[in-house]
Amino acid sequence: MNYSLLVSAQCTDERVNLVTASLFAEANTPEAIMNLGQPALENKIRSLGLFHNKAKNILAACKVLVENFEGEVPADLELLRALPGVGRKTANVVVSNAFGIPAIAVDTHVFRVANRLGIAHEKTPEKVEEELMLTFPRERWSLVHHLLIFHGRRICSARKPRCEECPLTKVCKTYPQFGQVILPEKREG
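(A) Main features of the overall build of the chain. Check the secondary structure of the chain and you find 9 helices and 0 strands. The secondary structure elements of the chain, listed N-terminal to C-terminal, are α-α-α-α-α-α-α-α-α. Counting all 189 residues of the chain, 39% fall into the buried class. Taking the contacts inside the chain whose residues are at least 6 apart along the sequence as the reference set, 49% of them involve residues at least 24 apart. Accessible surface computed for the chain: about 11500 Å², of which carbon and sulfur atoms make up 53%.

(B) Local environment of the packing of helix α3 (residues 30-45) against helix α4 (residues 51-69). Where α3 meets α4, the axes come as close as 9 Å, and the angle between the chain directions of the two elements is 175 degrees. The pairing of α3 with α4 is recorded here as roughly antiparallel in orientation. Between α3 and α4, the residues in contact are Pro30, Glu31, Ile33, Met34, Gly37, Gln38, Leu41, Glu42 and Ile45 and Phe51, His52, Lys54, Ala55, Lys56, Ile58, Leu59, Cys62, Lys63, Leu65 and Val66, respectively.

(C) Representation of unusual backbone geometry in the model. One non-glycine residue with positive phi stands out, namely leucine 50, at about 50 degrees. As for its placement among the helices and strands, leucine 50 is situated in the loop between α3 and α4. The phi torsion at glutamate 70 lies on the positive side, around 55 degrees, for a residue other than glycine.

(D) Just helix α9 (residues 141-154), in detail. Between its first and last C-alpha atoms α9 spans 20 Å; for 14 residues at 1.5 Å apiece the expected length is 20 Å, and the two agree. By the burial criterion, the buried members of α9 are Trp141, Ser142, Val144, His145, Leu148, Ile149, His151 and Gly152. Packed against the buried residues of α9 are α6 (88-99), α7 (108-117) and α8 (125-135).

(E) Structural view of the pattern of salt bridges. A complete count under the given rule lists 6 salt bridges for this structure. For glutamate 26, the salt bridge is made with lysine 44, and the minimal N-O distance between the two is 2.7 Å. Within this pair, whereas glutamate 26 is found in helix α2 (residues 13-26), its partner lysine 44 is found in helix α3, the two being separated by 18 residues in sequence. Glutamate 129 is paired through a salt bridge with arginine 88; the nearest N and O atoms lie 2.6 Å apart. You can see glutamate 129 sitting in helix α8 and its partner arginine 88 sitting in helix α6, a full 41 residues away along the chain.

The rules behind each value
- Residues numbered from 1 in each chain as written.
- Predicted model: local features only at pLDDT ≥ 70, side-chain atom pairs only at ≥ 80, totals over all residues.
- Heavy atoms only, no water.
- Helix = DSSP H or I, 4+ residues; strand = E, 2+ residues; numbered from the N terminus.
- Buried < 20%, exposed > 50% of the residue type's maximum accessible area, 1.4 Å probe, protein only.
- Contact = heavy atoms within 4.5 Å.
- Areas by Shrake-Rupley, 256 points an atom, 1.4 Å probe, with all protein chains shown as cover.
- Axes fitted to C-alpha atoms, helices over the stretch in contact; angles between N-to-C directions.
- Parallel < 35°, antiparallel > 145°, perpendicular 65-115°, else oblique.
- Expected span 1.5 Å × (residues − 1).
- Salt bridge = Lys/Arg side-chain N within 4 Å of Asp/Glu carboxyl O.

Function-wise, these values are silent; they only describe arrangement.
Shown next, in the form of structure tokens:
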């Protein structure tokens, strides 16, 4: 399993990638991570914040993987969600990215962008996930998830959406509240 998902809460992807690259260079199996022990694991992930609980959950998840799944990550959504520290979003990311099973993981970007565009209207990530699953064909779920994340990171940011660069203003239900698009002047020649 990509244990970076278990440490990503309240942290940037860039920080997670830096920390987990260092961690995985030393311990990249459930057994190896368990052998580190909690104090050493906490020290390695300290800069991610909430490191006590994250280390505790990682170690507990590794123990379950070793004891119940021969150290292998299950491809079943419900079995994944039963692992300590693994919620709905993380389980959806794992089944989608690791096993190619269509899923929509609703993170902050997916939630915000889907609601801003008007393709979702719900107030909880789980309800937005259900709504998106009804809106898009199953074979497109993983793609939709990634496109919404990309759009949320690159264009439709939380604090300052870049509507002037957005190709979706004609379908965006909240576009008018951010002002009119000012298109760049056409260059001649």
